Amino acid sequence: MAKVFVIAGPSGVGKGTLIGRLRERVPTLELSVSATTRPPRVGERDGVDYHFLDRTEFDARIAADQFVEWAEYSNNRYGTLRSELERRADAGFPVVLEIDLQGARQVAERMPAAVRVFVAPPDSAALRQRLLARATDSPEVIEQRLEVAEAELAAREEFPYVVVNDSLERATDELVAIVGSQLLVG
Ligand code: 5GP
């Protein structure tokens with residue numbers, strides 16, 4: 001199985017943007033499309049941004065052991081489908097997962113060979129600003145996410161790699177260096 005990279009960190013820290021930039025620089029790296037019960041945001045496409053499932057369908061898949069990991073986040077469920085991961089990794093492509101902290105902990109236990117990177121904000125004010133700028137979420141959702149984010153910040157200690165997203169350019173370079181060196185060691 002090819003290398004698996006896990007990018008975790010608080011919501012709003014810029015994981016998605018960083019992964020997009022990373023994949024431009026490492027084109028063989030494939031993104032695992034997660035499943036979620038959260039409703040699509042404007043512009044999000046089913047099967048591209050997420051597999052949007054209703055709660056019954058999601059829970060049926062949990063019962064059928066179809067998830068490598070899953071977590072409840074902000075009243076919705078999110079998970080990595082085994083089929084998503086294996087289809088890519090078995091074909092020899094390195095895969096990147098963008099998941100929350102609870103999911104990253106499950107991957108650390110179940111797939112110890114996965115390379116785990118924590119993306120940290122320069123400070124929590126920056127995180128608040130980013131979440132507020134994402135005008136698609138309601139103020140209540142943003143507040144709830146900020147609370148979770150504060151608690152998640154402490155988890156950076158658990159990760160072998162930490163990338164501080166202070167400048168997108170610099171943080172991308174650092175992430176590319178980590179992924180590049182790991183791909184070289186096979
Ligand atoms: P959002 O609703 O902003 O797209 O995602 C909320 C949080 O869920 C983010 O921290 C995101 O990384 C995380 N997330 C997305 N997909 C997965 C997944 O498959 N598993 C887990 N555990 N978390 C996920």
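So, here's what we can say about the structure.

Rules behind the numbers
- Residues numbered from 1 in each chain as written.
- Predicted model: local features only at pLDDT ≥ 70, side-chain atom pairs only at ≥ 80, totals over all residues.
- Heavy atoms only, no water.
- Near = heavy atom within 4 Å.
- Polar contact = N/O pair within 3.5 Å; in protein donor to acceptor, adjacent residues only side chain to side chain.
- Helix = DSSP H or I, 4+ residues; strand = E, 2+ residues; numbered from the N terminus.
- Buried < 20%, exposed > 50% of the residue type's maximum accessible area, 1.4 Å probe, protein only.
- Contact = heavy atoms within 4.5 Å.
- Phe/Tyr/Trp six-rings, centres within 6.5 Å; stacked < 30°, edge-to-face > 60°.
- Lys NZ or Arg CZ within 6 Å of the ring centre and 35° of its normal.

1. Considerations on the site of the ligand
Working step 1: In the region of the ligand, 17 residues are neighbours, and Ser34, Arg38, Tyr50, Glu69 and Tyr78 sit closest.
Working step 2: Within the side chain of tyrosine 78, an N or O atom sits 2.6 Å from an oxygen atom of the ligand.
Working step 3: Between the ligand and the protein, one listed contact pairs an oxygen atom with a backbone N or O atom of glycine 79 at 3.1 Å.
Working step 4: When contributions to the shell around the ligand are tallied by element, the ones reaching two or more residues are strand E5 (67–73) and strand E6 (76–81).

2. Overview of the environment of phenylalanine 159
Working step 1: Its place among the elements puts phenylalanine 159 in the loop between helix H6 (139–153) and strand E9 (161–164).
Working step 2: With a relative accessible area of 8%, phenylalanine 159 lands in the buried category.
Working step 3: Not counting residues within four places of it along the chain, the set of residues in contact with phenylalanine 159 comprises Ala8, Leu101, Ala104, Arg116, Val117 and Phe118.

3. Points about the packing of aromatic side chains
Working step 1: Counted according to the given criterion, the structure contains six aromatic pairs.
Working step 2: Taking the centre distance of 4.5 Å and the plane angle of 25° together, the rings of phenylalanine 58 and phenylalanine 67 count as stacked.
Working step 3: By relative accessible area, phenylalanine 58 is classed as buried at 0%.
Working step 4: By way of ring pairs, the aromatic residues Tyr50, Phe52, Tyr73 and Tyr78 are connected into one cluster.
Working step 5: The ring of phenylalanine 159 carries the charged tip of arginine 116 above its face, separated from the ring centre by 5.3 Å.

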